[in-house]
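Survey of secondary and tertiary structure
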Amino acid sequence: MAGTGSGNLKTVRLWRDAALRARKLRSNLRQLTLSAAGGCSGADQIDSPNTPQLMLPANIGDIEVLNLGNNGLEEVPDGLGSALGSLRVLVLRRNRFTRLPPAVAELGHHLTELDVSHNRLSVLGAEVVSALRELRKLNLSHNQLPSLPAQLGALVHLEELDVSFNRLTHLPDSLSCLFRLRTLDVDHNQLTVFPRQLLQLVALEELDVSSNRLRGLPEDINALRALKILWLSGAELGTLPSGFCELASLESLMLDNNGLQALPAQFSRLQRLKMLNLSSNLFEEFPAALLPLAGLEELYLSRNQLTSVPSLISGLGHLLTLWLDNNRIRYLPDSIVELTGLEELVLQGNQIAVLPDNFGQLSRVGLWKIKDNPLIQPPYEVCMKGIPYIAAYQKELAHSQPAVQPRLKLLLMGHKAAGKTLLRHCLTEGRVEGNQGGGDKEKSYLPSSPPVSKGIEVTSWTADASRGLRFIVYDLAGDESYEVIQPFFLSPGALYVLVVNLATYEPLRFPTTVGSFLHRVGARVPHAVVCIVGTHADLCGEQELEEKCLDIHRQIALQEKHDAEGLSRLAQVVDEALARDFELRSASPHAAYYGVSDKNLRRRKAHFQYLLNHRLQILSPVLPVSCRDPRQLQRLRDKLLSVAEHREIFPNLHRVLPRSWQVLEELHFQPPQAQRLWLSWWDSARLGLQAGLTEDRLQSALSYLHESGKLLYFEDSPALKEHVFHNLSRLIDILNVFFQRDPSLLLHKLLLGTSGESEGEGESSPLKALSTQSQDTLRATQLHHYVEGFLLHGLLPAHVIRLLLKPHVQAQQDLQLLLELLEKMGLCYCLNKPKGKPLNGSTAWYKFPCYVQNEVPHAEAWINGTNLAGQSFVAEQLQIEYSFPFTFPPGLFARYSVQINSHVVHRSDGKLQIFAYRGKVPVVLVSWSSYLFD
């Protein structure tokens with residue numbers, strides 16, 4: 001053997017391994033796939049001065065399909081053709097060829113298919129092309145070809161030709177000689193006019209000239225009478241010629257991403273058309289020429305400027321797919337419900353407020369998108385659940401009198417000590433802390449010391465009784481320990497008030513006091529409405545106040561600009577990945593978006609674009625307020641009312657509900673059930689009957705009340721679906737117990753709980769009293785141990801949790817339901833309960849991951865009887881990376897830790913890591929973000 005470098009050895013292994021293991025069938029042909037591996041003895045050897053030695057299997061002459069793709073080859077040795085006397089299909093894709101290998105010409109008398117895509121071809125070679133006279137399929141896509149040789153026209157048997165993703169500025173005249181050509185792909189080249197040579201290809205059935213700057217089509221394009229599939233996406237077309245309408249065989253037509261404003265009147269002649277894509281054009285009116293196309297099955301009109309849909313759309317009776325998203329449509333015609341065969345209906349990003357009656361007739365719709373519409377009838381919370389829920393709503397509305405509820409959720413957010421709680425008191429109770437200036441006579445009803453935050457608190461505030469406008473005010477605690485549960489309260493359709501303490505604000509503190517909260521809201525609720533209020537304005541001088549407000553405004557603008565640029569870069573990376581197509585992305589695990597399908601990449605691109613188009617609506621300027629000044633407070637009230645009633649900001653404020661749903665909500669909050677922690681489903685059913693709801697109509701009402709945040713009803717949870725958690729105030733009080741990290745307060749609650757259990761034992765002797773005192777000391781020591789374990793490792797036994805929650809939880813059933821609910825919310829999980837088995841009297845331990853302090857897992861060892869501390873998995877691991885555009889959502893890793901519990905065993909948790917097993921496979925989860933963002 002001559003010169004056995006690494007390249008030679010690779011090629012030797014490539015051939016030898018293929019002979020042993022890669023013979024497959026392709027259209028009843030004997031197939032050989034060669035890849036880098038192994039070697040064999042007794043093989044023939046072919047030498048070439050420019051190519052590594054190839055070890056051919058002895059029976060190479062019988063092979064009819066040879067796949068040499070993905071091997072980094074630069075040459076194919078001369079003489080290969082004589083060795084492959086039966087070869088009909090040759091695949092050379094994903095190598096490093098800069099020209100067609102001369103050895104391919106030796107195969108010309110019998111080769112019918114050749115794939116040289118994804119190489120570095122800049123020239124083909126006239127002699128090689130001329131020799132391939134029997135070729136029927138030729139793939140030259142994803143190369144660097146500036147032109148094609150005239151000899152290509154001599155391949156008279158050619159049926160399929162792909163020259164996409166090259167640098168072609170024109171096509172050879174000889175191409176018109178390919179009378180048998182059925183499929184031609186020329187997309188993503190540099191053509192500036194439609195090649196007239198193509199008009200001679202009378203057998204052509206599929207043509208793709210997308211992503212070329214054609215700017216127009218020839219009038220006689222009707223010469224392509226056999227054409228069934230035509231791609232003209234992104235071809236910069238402004239109009240279509242009348243001759244286009246004579247392509248009577250067309251079945252699929254892609255005209256998206258052009259500049260079309262109208263279709264020719266004769267477009268309706270295309271009666272065989274089944275799929276039409278007109279997305280991303282400039283249509284202001286629904287093209288009337290489409291309405292006679294009765295056989296149309298798929299219609300895409302996304303991202304245009306449509307304002308209405310004609311009632312005659314019902315004539316498209318075979319329609320299965322209708323995409324009308326991101327237009328300006330204000331209403332849908334009643335006749336749209338006659339399209340009963342629809343399976344996909346996409347309406348998001350329009351201005352639709354009311355859906356037509358009998359919308360439930362569209363029962364076959366599986367893909368349904370309706371977000372980003374100002375829906376009031378049905379409300380968004382109903383629409384997002386799907387067509388069956390819309391049908392139930394409309395049926396109920398027909399049974400019950402409509403009721404309009406102007407009610408808005410208002411969330412107070414901000415850093416600890418920003419003044420949220422005092423501001424809430426002043427706003428909702430109409431009182432001020434006091435009057436030091438003497439100009440206003442309003443009396444102070446608040447205590448001299450400001451109210452202390454109790455954690456998360458909820459208040460109902462009737463801001464304007466004459467108009468019936470009511471705010472549900474959520475005061476979200478600013479303490480970091482509450483970050484894990486804050487996302488549960490962030491929802492669309494709410495008004496967010498970000499409170500900043502102007503007295504302590506400094507420009508360097510912007511990221512923690514303003515920026516991080518904006519990121520948090522924007523990630524959870526894109527396009528949310530945010531009002532920034534500066535408190536303690538009376539403690540700042542006039543110039544200081546102005547400078548701080550301007551600085552906040554300036555830094556918000558800079559952050560928004562930086563975020564938008566970051567999203568644009570991420571979208572560009574996705575575009576670059578899409579340009580490489582799936583097979584190229586799958587060639588190397590180091591490639592961007594390795595193994596990600598085109599569909600998922602397009603979905604990711606659409607998400608980035610959605611975030612770019614739906615930035616936070618930050619009301620400007622910063623509104624400074626002093627709780628000592630009633631005029632400033634009134635100005636803030638007026639501002640909030642003005643924003644709430646602004647039809648363009650909160651178009652769905654006046655949502656329409658069935659009267660029975662409104663009555664059901666009210667009944668849940670009346671005595672005696674108002675005092676209970678939860679109701680059974682049957683309890684709610686009885687209330688439903690009082691509201692006029694039969695049992696079969698109750699589900700949709702409870703679902704709406706859950707989605708709108710009035711109560712909790714988890715219809716998808718086997719453990720919780722038979723219960724309704726209507727007393728949200730008590731539930732929030734319970735959550736506050738777990739997220740107050742004060743050890744003395746926790747110990748005090750536990751001691752109060754145990755003292756209640758020991759009452760009623762009667763008088764005792766001095767000796768017994770001494771014994772009782774000793775027991776109390778022992779109990780206090782033990783409880784102190786539990787508190788330490790909770791604050792360090794997030795561990796608590798069930799009986800201690802019950803003590804903590806007195807008097808909220810009385811019965812054991814209350815406790816079990818509550819723990820199931822906390823697990824559903826991602827706050828804790830049962831550590832030692834076998835899956836599907838009872839504990840058999842053992843103490844149930846619960847883990848709260850957000851409390852874990854140790855970075856390396858070890859705390860569970862003394863409960864499970866094992867020791868995972870310091871254990872490192874040396875087995876090969878699959879690494880999955882999650883990326884977030886701006887910042888890692890606080891508390892996400894802790895909630896994720898709970899969600900995976902049902903999928904792993906023998907786990908041990910740290911603050912930053914989780915060690916576990918999935919069956920016998922070791923799993924290591926690491927929160928790298930903790931290092932990146934903390």
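Residues numbered from 1 in each chain as written. Predicted model: local features only at pLDDT ≥ 70, side-chain atom pairs only at ≥ 80, totals over all residues. Heavy atoms only, no water.

The name given to the chain in an unreviewed UniProt entry is Malignant fibrous histiocytoma-amplified sequence 1, and the organism recorded there is Camelus dromedarius. Reading the Subcellular location (unreviewed entry) entry of the UniProt record for the chain gives the comment "Cytoplasm". Recorded under Subunit (unreviewed entry), the UniProt text for the chain is reproduced unchanged: "Interacts with RAF1. Interacts with HSPD1. Interacts with PPP2CA; retains PPP2CA into the cytoplasm and excludes it from the nucleus. Interacts with PPP2R2A; the interaction is direct. Interacts with PJA2." (UniProt positions renumbered as here; feature names shortened; annotations may be inferred.)

1. What about the overall build of the chain?
For the chain, the count of helices and strands is 21 helices and 34 strands. Expressed as a percentage of its 934 residues, the buried residues of the chain come to 51%. Counting contacts in the chain only where the partners sit at least 6 residues apart, residues at least 24 apart contribute 53% of the total. (Helix = DSSP H or I, 4+ residues; strand = E, 2+ residues; numbered from the N terminus. Buried < 20%, exposed > 50% of the residue type's maximum accessible area, 1.4 Å probe, protein only. Contact = heavy atoms within 4.5 Å.)

2. A look at unusual backbone geometry
Glycine aside, residues mostly have negative phi angles, and peptide bonds mostly take the trans form. Here the bond from Ser620 into Pro621 is cis, since omega is 0°, no more than 30 degrees from zero. Looking at the secondary structure, you find Pro621 in strand S25 (residues 617-624). Here the bond from Pro671 into Pro672 is cis, since omega is 0°, no more than 30 degrees from zero. Within the secondary structure, Pro672 sits in the loop between helix H11 (659-668) and strand S27 (679-680). At Arg215, a position not held by glycine, the phi torsion is positive, near 65°. You can see Arg215 is positioned in the loop between strand S11 (206-208) and strand S12 (229-231).

3. Some thoughts on the sheet that holds strand S31 (residues 845-847)
The 3 strands lie next to each other as S29-S31-S30, forming an open sheet whose pairing is antiparallel. Edge positions in the sheet fall to strand S29 (795-797) and strand S30 (829-830), since each has one partner strand and no second. Judged from the 2 bridges that link them, S30 and S31 form a sheet pairing that is antiparallel. In the sheet register, Cys830 faces S31, and the bridge partner there is Tyr846. (Pairing = 2+ DSSP bridges.)

4. Focus on the pairing of strand S20 (residues 407-414)
Most of S20 is tucked away: 8 of the 8 residues are buried. The two faces of S20 match: Arg407, Lys409, Leu411 and Met413 on one face and Leu408, Leu410, Leu412 and Gly414 on the other face are all buried. For S20 and strand S23 (residues 494-501), the ladder comprises 6 bridges, and the chain directions are parallel. By the bridge assignment for S23, Leu412 is matched with Val497.

5. Observations concerning the packing of aromatic side chains
In the structure shown here, the tally under the stated rule is 12 aromatic pairs. The interplanar angle of 70° and the centroid separation of 5.6 Å between the aromatic rings of Tyr393 and Trp661 together place this pair among those described as edge-to-face. Of this pair, Tyr393 sits in helix H5 (residues 387-399) while Trp661 sits in helix H11; the two residues are 268 residues apart in sequence, bridging distant segments of the chain. Since its relative accessible area comes to 1%, Tyr393 is described here as buried. Residue Trp661 is classed as buried on the basis of its relative accessible area of 1%. Lys409 extends its terminal NZ or CZ atom over the ring of Tyr474, reaching a point 4.9 Å from the ring centre. Over the aromatic face of Phe517 sits the side chain of Arg520, whose NZ or CZ is 4.8 Å from the ring centroid. (Phe/Tyr/Trp six-rings, centres within 6.5 Å; stacked < 30°, edge-to-face > 60°. Lys NZ or Arg CZ within 6 Å of the ring centre and 35° of its normal.)

6. As for helix H12 (residues 681-690)
If you check which residues of H12 are buried, you get Trp681, Asp683, Ser684, Ala685, Leu687 and Gly688. Those residues of H12 hidden inside the fold are in contact with H11, S27, helix H13 (695-707) and strand S28 (723-724). Positioned one or two residues after H12, Gly692 has a phi angle of 90°, which is positive.

7. Here we look at the packing of helix H14 (residues 728-738) against helix H18 (residues 812-824)
Running from amino to carboxyl end, H14 crosses H18 at an angle of 75°, the nearest separation of the two axes being 12 Å. For the element pair H14 / H18, the angle class is roughly perpendicular. Residues Leu731, Ile734, Leu735 and Phe738 of H14 form the contact with H18, whose participating residues are Leu818, Leu821 and Leu822. Residues of the contact of H14 with H18, tallied by class, amount to 7 nonpolar, no polar and no charged. (Axes fitted to C-alpha atoms, helices over the stretch in contact; angles between N-to-C directions. Parallel < 35°, antiparallel > 145°, perpendicular 65-115°, else oblique. Nonpolar A, V, L, I, M, F, W, Y, C, P; charged D, E, K, R; others polar.)

8. Looking at H11
Counting buried residues in H11 gives 7 out of 10 residues, a clear majority hidden from the surface. Those residues of H11 that sit buried are Ser660, Trp661, Gln662, Leu664, Glu665, Leu667 and His668.

9. Remarks on the sheet that holds strand S33 (residues 913-918)
Strands in a sheet are paired, the pairing made by backbone hydrogen bonds, and the direction either parallel or antiparallel. Strand order across the open sheet formed by 3 strands is S32-S33-S34, with antiparallel pairing between neighbours. Only two strands of the sheet have a single partner each, and these edge strands are strand S32 (905-909) and strand S34 (921-926). Between one strand axis and the next, the sheet turns through 15° on average, direction left out of account. The sheet contact formed by S33 and S34 spans 6 bridges and is antiparallel. The residue of S34 that forms the bridge with Ala916 is Val923.

10. Concerning the side chain of Asn222
If you trace the backbone, Asn222 turns up in the loop between S11 and S12. Within the structure, the side chain of Asn222 is placed 2.7 Å from the side chain of Glu246, a separation counted as a polar contact. (Polar contact = N/O pair within 3.5 Å; in protein donor to acceptor, adjacent residues only side chain to side chain.)

11. A word on the confidence of the model for the chain
Taken over all residues, the pLDDT of the chain has a mean of 82, while the share at 70 or more is 83%. Mean pLDDT values for the elements of the chain range from 34 in strand S1 (residues 23-26) up to 97 in strand S16 (residues 321-323). Counting contacts from residues 758-770, a segment whose pLDDT is below 50, to residues more than four positions away or on other chains yields 1 contact. The model gives residues 859-875 a pLDDT under 50, and that stretch makes 35 contacts with residues more than four places away or in other chains. (pLDDT = per-residue confidence, 0-100.)

12. Description of the environment of Lys371
With respect to the helices and strands, the residue Lys371 is situated in the loop between strand S18 (367-369) and helix H4 (380-383). Considering only alpha carbons, one finds Lys371 and Gln348, 23 residues apart in sequence, at a separation of 4.9 Å. The residues touching Lys371, leaving out its near neighbours within four places in the chain, are Gln348, Gly349, Tyr380 and Tyr610.

13. What about the environment of Arg330?
Tracing the backbone shows Arg330 in the loop between S16 and strand S17 (344-346). For the pair formed by Arg330 and Ile352, sequence separation is 22 residues and the distance between their alpha carbons is 4.6 Å. Ignoring any residue separated from it by four or fewer positions in sequence, one finds Arg330 in contact with Thr307, Gln351, Ile352 and Ala353. Reaching out from Arg330, the side chain makes a polar contact with the side chain of Gln351 at a distance of 3.2 Å.

14. Considerations on the nonpolar core
Counting residues in hydrophobic clusters, the biggest one holds 131 residues, and the most contacted among them are Leu114, Phe244, Phe267 and Phe359. Those elements that provide at least two residues to this core are helix H2 (80-83), helix H3 (126-131), H4, H5, strand S26 (656-658), H11, H12 and H13. (Core = buried A, V, L, I, M, F, W, Y, C linked by side-chain atoms within 4.5 Å.)

15. Quick look at the pattern of salt bridges
It is possible for side chains of opposite charge to pair when their charged atoms get near one another. Tallying each qualifying case throughout the model produces 28 salt bridges. With a closest N to O distance of 3.8 Å, Arg182 and Glu160 form a salt bridge. With a gap of 22 residues between them, Arg182 in the loop between strand S9 (160-162) and strand S10 (183-185) and Glu160 in strand S9 connect regions that are remote in the sequence. On the basis of relative accessibility, which here comes to 29%, the residue Arg182 falls in the partly exposed class. A salt bridge links Asp683 to Arg686, with the shortest nitrogen-to-oxygen separation between them at 2.4 Å. (Salt bridge = Lys/Arg side-chain N within 4 Å of Asp/Glu carboxyl O.)

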